[in-house]
Amino acid sequence: MLIFTLRRISLFFFTMLLLTILSFSLSFLFPGEQLINLTGQINATPEHLAALAHQYQQQASIVSQYFSYLSHLFQGDMGYSMASQLPITTEIFHRLPATIELTSVALLIAMFFGIPIGFFAAIYHRKVPDNLILAIAMIGYSIPVFWLGMLAILIFSIQLGWLPSAGQISLLFEIEYVTGLQLIDILLSDSEYKWQAFQDATRHLILPVIVVALAPATIFMRLARTAMLEVLDTHYITAAQAKGLTFAQIIYRHAMRNAVIKVIRDVGLQFANLVTIAMITEMIFSWPGIGSWLIESIYQRDYTAIQGGLIVLSTFIFIVHIIIDFVYAALNPLAREPNHGT
Amino acid sequence: MNLIDIRNLSIELKTATKPILAVDHVNLKMREGEVRGLVGESGSGKSLLAQAIIGVLDEKWQVHVDRFHWRGQDLMRLSPEERKAVITKDVAMIFQEPMACLDPTATIGEQLEEAVDVAQLSGFFWQKRQQRKLAAMNLLHKVGIKKHQACVKSFPHQLTDALCQRVMIAMALARRPILLIADEPTAAMESTNQGQIFRLLASLNQLKNMSILLISHDLENVTHWTNTITVMYSGQFVEAGTTEQIFNQPYHPYTRALVDSSPKASSMIPNKSRLMTLPGSIPILQHLPIGCRLGPRCPRAQQKCVHAPKIKSYHDHQVSCHFPLKDSYS
Ligand SMILES: Nc1ncnc2c1ncn2[C@@H]1O[C@H](COP(=O)(O)OP(=O)(O)O)[C@@H](O)[C@H]1O
Ligand code: SF4
Ligand SMILES: [Mg+2]
């Protein structure tokens, strides 16, 4: 487990190194003055610019420039948004939690529905339920998110009027910013309308979560189906049968745990995919997350924001990836227990 | 009374075109308390036969059998579920790769406990749990594992192959079987470990009067431990008899080649010129010869051999060959 942890840490280190180098070089590749791209100070006076150039060690070699960029990053200074002239760090702090909320709920929902359905298909391998589920998974996977989001709004918000179509919570509720995660902040607050607020926030969450979760859920379905089929084909399942366990006992006691472990290993990879879908969905549902902010920044050629947003979003994806790796290791004795030959 | 009596058991592999007869009309008969070897090269269908007996083949395979008696009871009259219940109650099996046959995510203790027969437990469920734990410990003790405390908490990958095989045997003993099918129980093990496992099986046979069907690809390896032997080749029945009959006076050219290729035998039979083996190798399922499947490799093959031979019986020594070697011994 120690080696496992060390390996993740070094992986994290190198990934961060590459990411910051990429982001730093973007400031050269974007059109315009590199220093302005890096700091976002479009309205700065010449004196101010000279001071900035000194701060970022513009006169020195490219390596020291990179390191001064890094030291600014570590101090939480990512420059100013060219569009709003607010510090990028502040913008991100206000927007990242909404994305964390949306993506993590969507990931859990996708796993919660996708994995059991996939298992179900595998148990009825080559029978009607299996074929039906495969077909549905295929359709679900090929629907474009944009179209799905629009359709969901059209039906459930406009025609049926069941669910809100935009935002994170109704403006009537005032929630104090504590963690930034809306649902948790609501639960922490002592407002007398706490439960109404919670309900309202949940209702706002439903449509975007479904839109984000649909495609990953179908992927989990297929991953889970394959994993279960592989597990059912192993010797230990045959041996368990020979032991006289019933089929249900075999599925619950042996097959499910092994198949879940196989699926969890691939969840991390799917998360990056899910975040991409979430970015588009945030646009459609005016969800105040970092994804929609990043897309807007791209439209507005806000280069400083693009650099900062990229770093933060990739770091977030990477951290989730590592967390999932640890969950995998915790579930899988082969990765966790030392191999001593008693 | 016969413990098990199987006549003409065939196993077909279902394919897109026409089914392949992987195991072709094999007979197997065992007495109570007997240790029978089931011998043949790898790919002879020994494992398939064993899995068919215990009923764990998946739906790819189709099993036909003319007669399947278990301790005088005709199992073919029962429904598949009833048959499975009878078999799993009294027959246990241990497999070729012990490590692969244990769930990698469950501890040895958990897997042993669930094998313990419910009928042996009494009282409320918490008492039962305690009894299960105790039963698991006892089982490990029986198969000679001394560090049972550490063992029950281990995961399969933390144990050696030989230890895993002992655990598998312990698990098989949990339901107090009358017949134990051991499919290459010592494959990929060092010879000291092999000896230990065989001795354990032999002692179980003697103390508990447990019958054993000992499967192996190596004739010489098992002769020391068996009373009787059945030989198979490429899914066909070859020869069956007592260990002495098979080893000293094989009637079938294939058995003869097996015996002759083992160094111990060639030193025992002085008039045999050289260590000889059959040319070629066992056919794959997709290219099975017609008639006697040994034909292409058999030194005695003649035209008649394109038809499958009938089984001939000489005082409990059965052989399936048109031209048995019976007359070469006098
Ligand atoms: N799952 C399977 N799918 C296809 N062919 C198989 C499968 N299992 C075994 N066979 C084939 O069936 C034949 C008999 O196999 P097996 O019973 O494992 O032989 P043995 O145990 O005697 O070595 C072999 O030719 C093997 O290739
Ligand atoms: S039947 Fe013919 S081919 Fe087969 S073993 Fe006998 S002699 Fe050889
Ligand atoms: Mg085998």
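The model shown is predicted, which means the values in this text are computed figures rather than measured ones.

Enquirer: Quick rundown of the overall build of chain B? Include the residues and the values.
Expert: A tally of helices and strands in chain B yields 11 helices and 12 strands. Here the C-alpha coordinates of chain B stretch approximately 70 × 45 × 40 Å along the principal axes. For chain B, the residues scored as buried account for 54% of the 330 residues in total. Charged side chains in chain B number 38 positive and 30 negative. The centres of these two groups are separated by 3 Å.

Enquirer: Which residues make up the pairing of strand β11 (residues 311-314) of chain B, and what values do they have?
Expert: Residues and elements named next belong to chain B. Note: β11 against strand β12 (residues 317-320), 4 bridges, orientation antiparallel. Its bridge partner lying in β12, isoleucine 311 is registered against serine 320. Between β11 and the antiparallel strand that follows it, β12, lie 2 residues; histidine 315 among them carries a positive phi value of about 45°.

Enquirer: Break down helix α10 (residues 235-242) of chain A for me, citing the residues and quoting the values.
Expert: Most of α10(A) sits inside the fold, with 6 of its 8 residues counted as buried. All buried positions along α10(A) are accounted for by Tyr236(A), Ile237(A), Thr238(A), Ala239(A), Ala240(A) and Ala242(A). Those residues of α10(A) hidden inside the fold are in contact with α9 (194-232) and α11 (247-284) of chain A together with α1 (46-54), α2 (80-90) and α6 (161-173) of chain B.

Enquirer: Before we move on, can you summarise the environment of Val231(A) with the specific residues and values?
Expert: All names here are of chain A. Position of valine 231 relative to the elements: it lies in helix α9. On a C-alpha basis, the gap between valine 231 and methionine 283 in space is 40 Å, while along the polypeptide they are 52 residues apart. Discounting chain neighbours no more than four positions away, the residues touching valine 231 are Tyr236, Ile237, Ala255, Asn258, Ala259 and Lys262.

Enquirer: Tell me about the site of ligand 1, and please be specific about residues and values.
Expert: All names here are of chain B. With respect to spatial proximity, the complete set of residues near ligand 1 consists of Glu41, Ser42, Gly43, Ser44, Gly45, Lys46, Ser47, Leu48, Lys60, Trp61 and Leu285. Lysine 46 is positioned with one of its side-chain polar atoms (N or O) 2.9 Å from an oxygen atom of ligand 1. Between ligand 1 and the protein, one listed contact pairs an oxygen atom with a backbone N or O atom of leucine 48 at 2.9 Å. In isolation ligand 1 exposes 560 Å². Once the protein is present, 65% of that is buried. Ranked by residues supplied to the shell around ligand 1, first place goes to α1 with 3 residues.

Enquirer: Describe the packing of aromatic side chains, naming the residues involved and giving the relevant values.
Expert: Residues and elements named next belong to chain A. According to the stated counting rule, one finds 16 aromatic pairs over all chains in the structure shown. With 4.9 Å between their ring centres and 50° between their planes, phenylalanine 120 and tyrosine 124 make a pair best called tilted. Aromatic ring contacts, followed pair by pair, group Phe24, Phe28, Tyr66, Phe67 and Tyr69 into a single cluster. The ring of tyrosine 141 carries the charged tip of arginine 222 above its face, separated from the ring centre by 5.3 Å.

Enquirer: Pulling in residues and values, what's your account of the domain arrangement of chain A?
Expert: Residues and elements named next belong to chain A. Taken domain by domain, chain A comprises domain 1 (2-74) and domain 2 (89-335). Each of domain 1 and domain 2 has a C-alpha centre, and the two are 33 Å apart. Counting from both sides, the interface comprises 21 residues of domain 1 and, opposite them, 14 residues of domain 2. When domain 1 packs against domain 2, the two sides together hide about 1500 Å² of surface, and 76% of this comes from carbon and sulfur. Aspartate 325 is the partner of arginine 8 in a salt bridge, and the nearest nitrogen-oxygen pair spans 2.2 Å. Inspection of the domain 1/domain 2 interface yields 1 residue pair in polar contact (both at pLDDT 80 or more). Among the elements of the structure, α1 (2-29), α2 (34-39) and α4 (62-74) are those that each provide at least two residues to the side of domain 1 that touches domain 2. If you tally residues by element for the side of domain 1 that touches domain 2, the top one is α1, at 12 residues. Its residues assigned to classes, the side of domain 1 that touches domain 2 comprises 12 nonpolar, 8 polar and 1 charged.

Enquirer: So what's going on with the environment of Ile139(A)? Residues and values would help.
Expert: Residues and elements named next belong to chain A. Mapped onto the elements of the fold, isoleucine 139 is located in helix α6 (residues 128-142). Residue classification places isoleucine 139 among the exposed residues on the basis of a relative accessible area of 54%. Put simply, isoleucine 139 and histidine 48 are 91 residues apart on the chain and 56 Å apart in space, counted from C-alpha to C-alpha.

Enquirer: Outline the pairing of strand β8 (residues 211-216) of chain B, supporting the account with residue identities and numerical values.
Expert: All names here are of chain B. Most of β8 sits out of view: 6 of its 6 residues are buried. The alternating pattern of β8 places Ser211, Leu213 and Ile215 on one face and Ile212, Leu214 and Ser216 on the opposite face, and all of these are buried. Here strand β3 (residues 35-39) pairs with β8 via 5 bridges, running parallel. Directly across from arginine 36, in β8, lies its bridge partner leucine 213. Alignment of strand β7 (residues 179-183) against β8, held across 5 bridges, turns out to be parallel. Paired with leucine 180 across the bridge in β8 is isoleucine 212.

Enquirer: Can you lay out the interface of chain A and chain B for me, pointing to particular residues and giving the numbers?
Expert: In this assembly, 25 residues from chain A lie in contact with 29 residues from chain B. Here Glu114(B) and Lys243(A) are joined by a salt bridge, their closest N and O atoms 3.1 Å apart. There are 10 residue pairs in polar contact (both at pLDDT 80 or more) connecting chain A and chain B. Of all elements in the fold, only α10, α11 and α14 (333-336) of chain A reach the threshold of two or more residues within the side of chain A that touches chain B. Ranked by residue count, the leading element in the side of chain A that touches chain B is α10(A), at 6 residues.

Enquirer: How would you summarise the UniProt feature "domain: ABC transmembrane type-1" (unreviewed entry) in chain A if you had to cite specific residues and measurements?
Expert: Residues annotated by UniProt as "domain: ABC transmembrane type-1" (unreviewed entry) correspond here to residues 96-328 of chain A. Across residues 96-328 of chain A, helical content stands at 80% and strand content at 0%; the span's end C-alpha atoms are separated by 25 Å.

Enquirer: Explain the coordination of the magnesium ion (ligand 3) to me, using residue names and the numbers behind them.
Expert: Looking at the magnesium ion (ligand 3), one finds its protein donor set to be Ser47(B) (OG) and Gln96(B) (OE1), positioned 2.0 to 2.8 Å from the metal centre. Separated by 49 residues along the polypeptide, Ser47(B) in helix α1 and Gln96(B) in the loop between β6 (91-94) and α3 (108-115) bring together distant segments of the chain.

The rules behind the values
Residues numbered from 1 in each chain as written. Chains lettered and ligands numbered in written order. Predicted model: local features only at pLDDT ≥ 70, side-chain atom pairs only at ≥ 80, totals over all residues. Heavy atoms only, no water. Helix = DSSP H or I, 4+ residues; strand = E, 2+ residues; numbered from the N terminus. Buried < 20%, exposed > 50% of the residue type's maximum accessible area, 1.4 Å probe, protein only. Lys, Arg positive; Asp, Glu negative; His and termini not counted. Charge placed at Lys NZ, Arg CZ, Asp CG, Glu CD. Pairing = 2+ DSSP bridges. Contact = heavy atoms within 4.5 Å. Near = heavy atom within 4 Å. Polar contact = N/O pair within 3.5 Å; in protein donor to acceptor, adjacent residues only side chain to side chain. Areas by Shrake-Rupley, 256 points an atom, 1.4 Å probe, with all protein chains shown as cover. Phe/Tyr/Trp six-rings, centres within 6.5 Å; stacked < 30°, edge-to-face > 60°. Lys NZ or Arg CZ within 6 Å of the ring centre and 35° of its normal. Domains from an automatic or database assignment. Buried area = accessible area lost by both parts, 1.4 Å probe. Salt bridge = Lys/Arg side-chain N within 4 Å of Asp/Glu carboxyl O. Nonpolar A, V, L, I, M, F, W, Y, C, P; charged D, E, K, R; others polar. UniProt positions renumbered as here; feature names shortened; annotations may be inferred. Donors = N, O, S within 2.8 Å, 3.2 Å for Na, K, Ca; no water.

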